[in-house]
Amino acid sequence: MSPSVKSYGQWESPITGESFTARFVTLSQVRIDGADTYWVEGHPTDNGRNVLLRRNGMGQTMELLPMIDGVRLPDVRTRVHGYGGRAYAVHENILVFSDGFDDRVYLFDMSAPTVGLTALTPMEKKRYGDFEIDEVRSLVYAVCEDHTGQGEPVNTMVAIPLDGSAARDPKPIRTVFSGTDFCSAPTLSPDGSKLAWLSWNHPHMPWTQSVLHVGALTFEGDIDTHVTLVDREGVCVYEPRWTLRGDLIHVDDSSGWANLYRTEGFEWHEDEDAHAWTDRLRTRVLHPGQRAFSHPHWELGLHSYDNLDHEHLICSWSQDHTWHVGSVRLDNGLLEEWETGWWPIGNVASDEGRVVFLADSPTHAPAIVEITDSHAHVLRPSSEAEIAEEMISTAQTVRWTTSDGNEADGFYYAPVNPDFTAPDGELPPLIVSAHGGPTSSARPGLSIARQFWTTRGFAFLDVNYRGSTGSGREYREALNGQWGIIDVMDCADGARYLIDQGLVDPARVAIRGHSAGGFTALSALATTDVFTAGTSSSGVSDLHRMAQETHKFESHYFYTLLGSDNLDDPVWTERSPICHVQDIHAPLLLLQGTEDTIVLPSQSRSIYDALRELDRPVALVEFDGEGHSLRTAASIAKAWASELGFYATVWGFHADGAAEISVTTL
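Residues numbered from 1 in each chain as written. Predicted model: local features only at pLDDT ≥ 70, side-chain atom pairs only at ≥ 80, totals over all residues. Heavy atoms only, no water.

### Some thoughts on the environment of E554
With respect to the helices, strands and loops of the structure, E554 is situated in the loop between α6 (543–549) and α7 (557–562). Each C-alpha atom of the pair E554 and V378 lies 36 Å from the other, and the pair is 176 residues apart in sequence. With residues near it in sequence (within four places) discarded, E554 still touches Y83, M205, W298, G437 and I598. (Helix = DSSP H or I, 4+ residues; strand = E, 2+ residues; numbered from the N terminus. Contact = heavy atoms within 4.5 Å.)

Laid out in C-alpha cells, this is it:
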C-alpha cells in the first residue's frame, strides 16, 4: 500500500502520551547480589511510585517489599541533593532503603519476610541515601541531609544501626564524617577495615572539584586514621570502588579525561603498626586515554564499572558521545571492548562473572541487559510497546562550525513514517533540543519521546553544545563564564547548518529544553532570530532569583557558569532572559510543575506575566503536584499533547492528538 501524502507535522503516529505511559516504566539503580538482580522502576500509572524489583536466579521477577505499617506500598526514593539516586542497598538478603513518602530508612530481611519492614530512622526532617551495608558491625553507612535547622541543610556521613534502635530516638545514629558542604559514595573494603568516600565544598560541584578520602574503621564503625588520596585544584573524582583483592579504584579527570586509577598498599602485615598502610599507598593510572569512564554525579550511586573477577573490571566509557562496554585488566590496563549491540546508559554491575547493565541501542529503548556466554539477553525492557523498525528514525552524527570558529556537534533525526510522505518540495519543521544540566549530554539511543516527533513528520536535532560531558574537561569547561552565550550559539548554529543543508523549513524552527536547557531555550529566543517558536520546561528565567531560591546542591553552580559570584555584577542581569523579554517575539510555551523545588514555579510565572504585559504570544501549562520532572502518566501525556498543540497553533496546521493551547495575542 502506497503511503498517504500529508504535510510534515500532520502525520498520524502510533505513539501518543497515553500509549507511552500505559506500557512504559523508567529503569534505574541496577545492582547484583549473587544470583539475584535488583533494580528500581518508576511507574507513571502509579502516580510515579518507585518500585524495587528482584529477578532471582530462576528467572522470576517480583516486587518484594511489603507494605509500610500495613497501609501503603513503599516508594523507593531519596531526595538527597534534590536529584536523589541510590535509594537502596542489598547484601546477602539484607535490604536497606529510603522511602520517598516519609524519608525514613527501612530494613527488610528477605530470609525472614514475615517479620516485615523494620524502621531504622525516626520521623524527622532528614533525608538519607547512598547506602553501604556493613554486615560485620551491623551498620549501614549513608549520606544524611539534615533539614532540621535554619539556613542550608547540613550534609554528613552517618552510621545507622541495623537493629532498629534508632527508629524512635536518633541518638544511636553516629556521624562518621562531617565538616564539608557535601559528601557521597561511601564504599567498604572487602575485609571491612576501611571506608572510602568523596566530599566537596561550595562553590564547586562534584564534577568541578572533589576530594577522595580513605579512613580506617574502628570496631564500632567510626573513622580512625584518615588519608586524602586525591585533592587537587580543578580535579574531580568519581566512583571509588574496591577490587576483590582490596585495592581501591577511582576515576578522576586530572589528565583532562575521566580515567581509571588504581591505588595499592592497603593490606596489613603482621607485626606492623596499624597505621603503616598510610605511608605505602601507590596510585597509578589504569588506562590513560581520551575516554570518559564515568560521568557527573548529578545523582547518588553512579556505578559505571564493577569487579568482573580478581583480574578484570567490567567498565563502560564514553567516546564521541557514544557509550561502550568492555573489560580492563587490573595489572596492565589493557582494555577490550565487548560487541554486545547495546550502549550502556546506567549502572554496570557484576557478581561472580555475571554482568548486567542498563542500556539502549539505535532500535531499542532502555532495558536491563545481561551478558551470558558473550550474548546479550534482555531481563527487563522499559516499554512493552514495540515500534516497528521501519518507523524508527536513527541518529545521524552531525558537526558544524560555530559563529566563533569552533565546532559543536549533535545527533540529527530525520522524519520517518512509512505510512506517509510529504508533498513535493515541502521541508519538515525542526525541533532543536538543548539538554539539561547544562553538564549533561545527548545520547543516540532509541527514545520513544523523541520518536513521538519524528513519526509525526518533525526533524529533530539533539545538540551537544560546548559544556556537555563525554568529550573531556576542556570541552565541558568551555561553557564556564559563557552560559547563555555559547550554548545558545551552538544550538542556533546547528539549526542554521541544517537549514543551509536544505533539510528543514527555516520558517518552522523551534528550540526546547528542560531546566538548564530551558534557560538556553529562553536565551536563544531573546538573542537570536533563527527560532520561530520555543518551549521551556522548568526553565530558569531569572538568575538573581534562582541563586537565592534554589536548593543547596546547585546554589553556587551559577558562579562558575556565569564567571562571577557577585550578584551585583551586571552579568547576572545581562544573562537573565527575564531582563530581555522585550526581545522575545517568537511564541513561547512554558511547562512547569507546581511543586518544583529545584527551579521554582516563580521562574516560569514571572516570564509568563512579563510577556503577557508586552502582548507577546505565550502560554503557560502547570502540572499540579509535580516536581522538577514529570512522574505521573496524566502529566506526561498532557505535556506531550500540549507541546504538539502549541506548535500546531503557532505554525497553523492540524495535528492528530494535539491539545488545544491558548496562546495569548497570537
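So that's the structure; there's more coming.
### A few points about the nonpolar core
L430, V432, L461, W483 and F531 are the most contacted members of the largest nonpolar core, which totals 77 residues. In terms of residue count, helix α5 (residues 516–527) provides more of this core than any other element does, seven residues in total. Those residues within four positions of W483 in sequence are excluded, and the remaining contacts are P438, A516, F519, T520, L543, F558, L561, L562 and R575. Listed in part, the 37 residues of the second largest apolar core include A442, I636, A639 and F653. (Core = buried A, V, L, I, M, F, W, Y, C linked by side-chain atoms within 4.5 Å. Buried < 20%, exposed > 50% of the residue type's maximum accessible area, 1.4 Å probe, protein only.)

### What about the pattern of salt bridges?
Working definition: two side chains of opposite charge can pair if their charged atoms are close together. Throughout the structure, instances matching the rule amount to 40 salt bridges. Note that R466 is salt-bridged to D490, the shortest N-O span being 2.8 Å. In this pair, R466 sits in the loop between β34 (459–464) and α3 (473–477) while D490 sits in helix α4 (residues 486–500), placing the two residues 24 residues apart along the sequence. Among the charged side chains, a network of salt bridges with common partners joins D247, R262, E264, R282 and R284. (Salt bridge = Lys/Arg side-chain N within 4 Å of Asp/Glu carboxyl O.)

### Quick word on the sheet that holds strand β16 (residues 211–217)
Taken in spatial order, the four strands of this open sheet run β14-β15-β16-β17, and their pairing is antiparallel. Looking along the sheet, the strands with just one partner apiece sit at the ends: β14 (182–188) and β17 (223–230). Here the average twist between neighbouring strands, direction ignored, is 25°. Sheet topology note: the strand β15 (residues 194–200)/β16 ladder contains six bridges and is antiparallel. Across the sheet, the residue bridging to L198 is L212, located in β16. (Pairing = 2+ DSSP bridges. Axes fitted to C-alpha atoms, helices over the stretch in contact; angles between N-to-C directions.)

### With respect to the state of the cysteines
Counted by the stated rule, this structure contains zero disulfides. Sulfur of C144: no disulfide; nearest cysteine sulfur belongs to C183 and is 8.8 Å away. Distance from the sulfur of C236, which forms no disulfide, to the nearest cysteine sulfur (C183) is 17 Å. (Disulfide = S-S within 2.5 Å.)

### So, the sheet that holds strand β11 (residues 139–146)
Pairing is antiparallel in the open sheet, where four strands are placed in the order β10-β11-β12-β13. Sheet topology places β10 (126–134) and β13 (174–177) at the edges, where each strand pairs with a single neighbour. When the angles between neighbouring strand axes are averaged without regard to direction, this sheet yields 35°. As defined by bridge partners, β10 adjoins β11 across seven bridges and the pair is classed as antiparallel. Bridging from a neighbouring strand, D134 pairs with L139 of β11.

### What to know about the packing of α4 against α5
Orientation of α4 relative to α5, taken along the N-to-C sense of each, is 75°, at an axis distance of 9 Å. The pairing of α4 with α5 is recorded here as roughly perpendicular in orientation. Residue-level inspection shows D487, V488 and C491 of α4 in contact with α5, the latter providing F519, T520, S523, A524 and T527. Along the lines of polarity and charge, the residues of the contact of α4 with α5 split into four nonpolar, three polar and one charged. (Parallel < 35°, antiparallel > 145°, perpendicular 65-115°, else oblique. Nonpolar A, V, L, I, M, F, W, Y, C, P; charged D, E, K, R; others polar.)

### What to know about the environment of D247
Looking at the secondary structure, you find D247 in the loop between β18 (237–242) and β19 (248–252). With relative accessibility at 8%, the residue D247 sits in the buried group. Residues D247 and L281, 34 residues apart in the sequence, show an inter-C-alpha distance of 9.8 Å. A distance of 2.7 Å separates a polar atom in the side chain of D247 from a polar atom in the side chain of R262. (Polar contact = N/O pair within 3.5 Å; in protein donor to acceptor, adjacent residues only side chain to side chain.)

### Regarding the environment of W572
Checked against the element boundaries, W572 lands in helix α8 (residues 571–574). Taking the relative accessible area as the measure of exposure, W572 reaches 0% and is therefore buried. Counting along the chain gives 248 residues from W572 to H324, while the straight-line C-alpha distance between them is 39 Å. Aside from chain neighbours lying at most four places away, what touches W572 is L543, H544, A547, F558, Y559, L562, S564, N566 and L567.

### Brief notes about the layout of surface pockets
In this structure, the second largest pocket spans a volume of roughly 1,200 Å³. Lining the second largest pocket are 42 residues, with V90, H91, E132, L188 and D306 sitting closest to its centre. Of all the secondary-structure elements, those providing two or more residues to the lining of the second largest pocket are β2 (26–33), β6 (88–91), β10, β14, β18, β22 (305–307) and β26 (343–351). Looking at the lining of the second largest pocket element by element, the count peaks at five residues for β10. Looking at the lining of the second largest pocket residue by residue, the classes come out as 16 nonpolar, 11 polar and 15 charged. (1 Å grid on protein atoms, 1.4 Å probe; cavity = no way out; pocket = protein on both sides within 12 Å on 5 of 7 lines; lining within 4 Å. Points joined across faces, edges and corners; volume = space filled by probe spheres on them.)

### Observations concerning empty space enclosed by the protein
Here the structure, examined in full by the defined rule, presents two cavities of 30 Å³ or more. The computed volume of the largest cavity comes to approximately 40 Å³. Contributing to the lining of the largest cavity are H295, S316, W323, P344, I345, G346 and R443. With three residues, β26 is the largest single contributor of residues to the lining of the largest cavity. Its volume calculated, the second largest cavity comes out at about 30 Å³. Of the residues in the lining of the second largest cavity, the class split is three nonpolar, three polar and one charged.

### Some remarks on unusual backbone geometry
Here H202 and P203 are connected by a cis peptide whose omega angle stands at 5°. In this structure, P438 follows G437 across a cis peptide bond, with omega equal to 0°. Phi is positive for N47, which is not a glycine, with a value near 55°. Under the relative-accessibility criterion, N47 is labelled exposed at 63%. Residues other than glycine seldom take positive phi values, yet S138 does so here, at roughly 55°.

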